[in-house]
Amino acid sequence: MDCSSIVHLPNEILLYIFNKLNVIDVFYSLVGVNQRFDQLIFDFLDIDNIPCIFHQKYINDKSQHDYILDKICLKILPRINTKIRKLTIDPYSLKRMVNAIDFPQLYSLSLLGYQIDTISSDLINGPISDLLMNKITHLTIDLNIKKEITRENSPMIFEAILFFGKYLTDLKFYQVSSESNLTFFSWNNQNKECLSSTLNNLSIYVSNFDDCLYLLDGRFQSLSKLVIRIEMITRSLSNINKKEKLIKLKSFSLICEQCTCSYESSIVPLLRRMSNLEELSLQISVRRLRSTYIDGYQLFNDFLKYLTKLNKFNFNIHSYIISGIENNILSNNDIRNSFINIGYKSIDICADEKLTDYRANCHVYSLPYLFDEFLFMSNCFQGGKFNNVKILFMVDRIPFENKLFKIISQDFTNLKTLIIHNLESQESQECSSALITFNNLITLNIIDAHSDYAIQFLNENITYLPSLEKLITTYDTLTHITGYFTNDETRRNCTKIKYLRTDISFVRPKNFNSYFPSM
């Protein structure tokens, strides 16, 4: 970085610039330029929380990476070691940095981009185990999954939980993935001995409902907050204790990745056990046969009346009716009034008020909408403000039309990932006068969608995607709508794509590289 052009800028502007830069670039390029720069960096930047993540360009160049790391470890960390309380670090620098200084104030460690195979060797048996046992109370691990987690290797995850749970009060296991789908961990651990008497907060993804029950069967004696994402909820067939009250649990968050038929048999009995719950977050999709939508009255009778200490309830509940009866379908006003009458006024609803092929959808959610994803959106959606949402999953048997995507582009301003499941062709593909723009959309997954949706999003006369980097679609659809990579109307939205996944492998044909210059 050339510093000559900014040396004479006022301190306020310099601090603004420094805060916008990666901390690695600040430490490497700006520390040592002059005394004024050093004072600004060490006295005014947030040294309390260091996000020390190397850019891929440094990681790919080992000599450059080692040179920068040497400067940070030898000349910078010793000057700030008493100030650092939180540290975020990648696996390429972990061992070197944790051995560089003592970190006397460090209590929170976030590890980004770890591979599942290295958890045991690097963390449990590696040189940082002493740090974790003696200083760290808050640990976050974001896994970078490159191979599938199976029954054989998932115990590595829980070996780490067994180890860390003895020393921590807060543990989070998440996943960083190059694709839009998530990977879930499975436990099936029959050992009922206490794993931790100190762990208060746990955040994790698991495969099935039994894994959730295992985590709540008493082996974490002090657990007061559980944030859990479950791939699939089905009726539990295990002999886990499903009746004991969970009196220490004060906060519970549940997100289910797939539509479930086990709301009454699994979710409701679990929530009734949480008699001292103060905060509840629930995002589920429920498939119901010959029934009606879940409304406020049902939630109250199912579990809310048992949670007498509950003071915060965030929810997004999707009901999917199959083989429904027309007279049983509740109206939007009926559903709204049912929530108002049980004390929940800040809600919104979008629901089909008549059946289509004996099927119907309803979404009811609390406001403001706090989830970072919206799952199972259907054509009944009418709009709203969803500035927090980064992931949107749309599915329906009725085609999604241009008008709906226009609404979504205006209401989901920070949307980064869009997944569409819809095999029905659009009724109209006429270009509207106003171009639809998704400024922040990075990932588009249309592999389970009709080819019309590829035209909808890749044709620059219909939609503009200035940030699109990842595309998941079928090869036939891709070649068809791009005219074997010659069509200029779909070229602009493809120029920044760095990752392309199709349903089949293929040899790059003529014009492919020029059509996708960023790959």
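Everything here concerns the structure above.
Fair warning: this is a prediction, and the values are worked out from it, not measured in the lab. (Residues numbered from 1 in each chain as written. Predicted model: local features only at pLDDT ≥ 70, side-chain atom pairs only at ≥ 80, totals over all residues. Heavy atoms only, no water.)

Attention now moves to the pattern of salt bridges. Scanning all chains against the criterion turns up 9 salt bridges. Measuring nitrogen to oxygen at the nearest pair gives 2.5 Å for the salt bridge that ties Glu373 to Arg229. Of this pair, Glu373 sits in strand E13 (residues 373–377) while Arg229 sits in strand E7 (residues 225–232); the two residues are 144 residues apart in sequence, bridging distant segments of the chain. Each member of the pair, Glu373 as well as Arg229, is classed as buried. Residues Arg492 and Glu460 are paired through a salt bridge, measuring 3.1 Å at the closest nitrogen-oxygen approach. Taken together, the residues Arg492 in the loop between helix H16 (475–482) and strand E20 (499–501) and Glu460 in the loop between helix H15 (451–458) and strand E18 (463–464) connect sequence positions 32 residues apart. The exposure class assigned to Glu460 is partly exposed, which follows from its relative accessible area of 24%. (Salt bridge = Lys/Arg side-chain N within 4 Å of Asp/Glu carboxyl O. Helix = DSSP H or I, 4+ residues; strand = E, 2+ residues; numbered from the N terminus. Buried < 20%, exposed > 50% of the residue type's maximum accessible area, 1.4 Å probe, protein only.)

Across all of its chains, the model carries 30 aromatic pairs by this definition. Judged by centre distance (5.7 Å) and plane angle (80°), the rings of Phe313 and Tyr344 are edge-to-face. With Phe313 in strand E10 (residues 312–322) and Tyr344 in the loop between helix H13 (332–340) and strand E11 (347–351), this pair connects stretches of sequence that are 31 residues apart. Judged by relative accessible area, which is 6%, Phe313 ranks as buried. With relative accessibility at 23%, the residue Tyr344 sits in the partly exposed group. Between Phe374 and Phe412 the ring centres are 6.3 Å apart and the planes differ by 85°, which places this aromatic pair in the edge-to-face class. Of this pair, Phe374 sits in strand E13 while Phe412 sits in the loop between helix H14 (402–411) and strand E15 (417–422), placing them 38 residues apart in sequence. (Phe/Tyr/Trp six-rings, centres within 6.5 Å; stacked < 30°, edge-to-face > 60°.)

Before going further, it helps to spend a moment on the side chain of Ser338. Residue placement: Ser338 occurs in helix H13. Owing to a relative accessible area of 0%, Ser338 belongs among the buried residues under this scheme. Here the side chain of Ser338 touches Gly296 through a polar contact of 2.9 Å, landing on its backbone nitrogen. A distance of 2.6 Å separates a polar side-chain atom of Ser338 from the backbone oxygen of Ile335. Apart from the residues within four sequence positions on either side, Ser338 is in contact with Asp295, Gly296 and Tyr297. (Polar contact = N/O pair within 3.5 Å; in protein donor to acceptor, adjacent residues only side chain to side chain. Contact = heavy atoms within 4.5 Å.)

In this section: H14. Residues Asn402, Leu404, Phe405, Ile408, Ser409 and Asp411 constitute the buried set of H14. Among the structural elements, E13, strand E14 (391–395), E15, strand E16 (436–437) and H15 are those in contact with the buried residues of H14.

Below, the discussion takes up the side chain of Asp396. On the secondary structure map, Asp396 appears in the loop between E14 and H14. Despite its burial, Asp396 remains without a salt bridge, the nearest opposite charge being carried by Arg397 at 6.6 Å. Looking at Asp396, its side chain comes within polar contact range of the main-chain nitrogen of Asn379, at 2.9 Å. Aside from chain neighbours lying at most four places away, what touches Asp396 is Asn361, Ser378, Asn379, His421 and Asn422. (Lys, Arg positive; Asp, Glu negative; His and termini not counted.)

The values reported here are purely geometric and, on their own, carry no functional implication.
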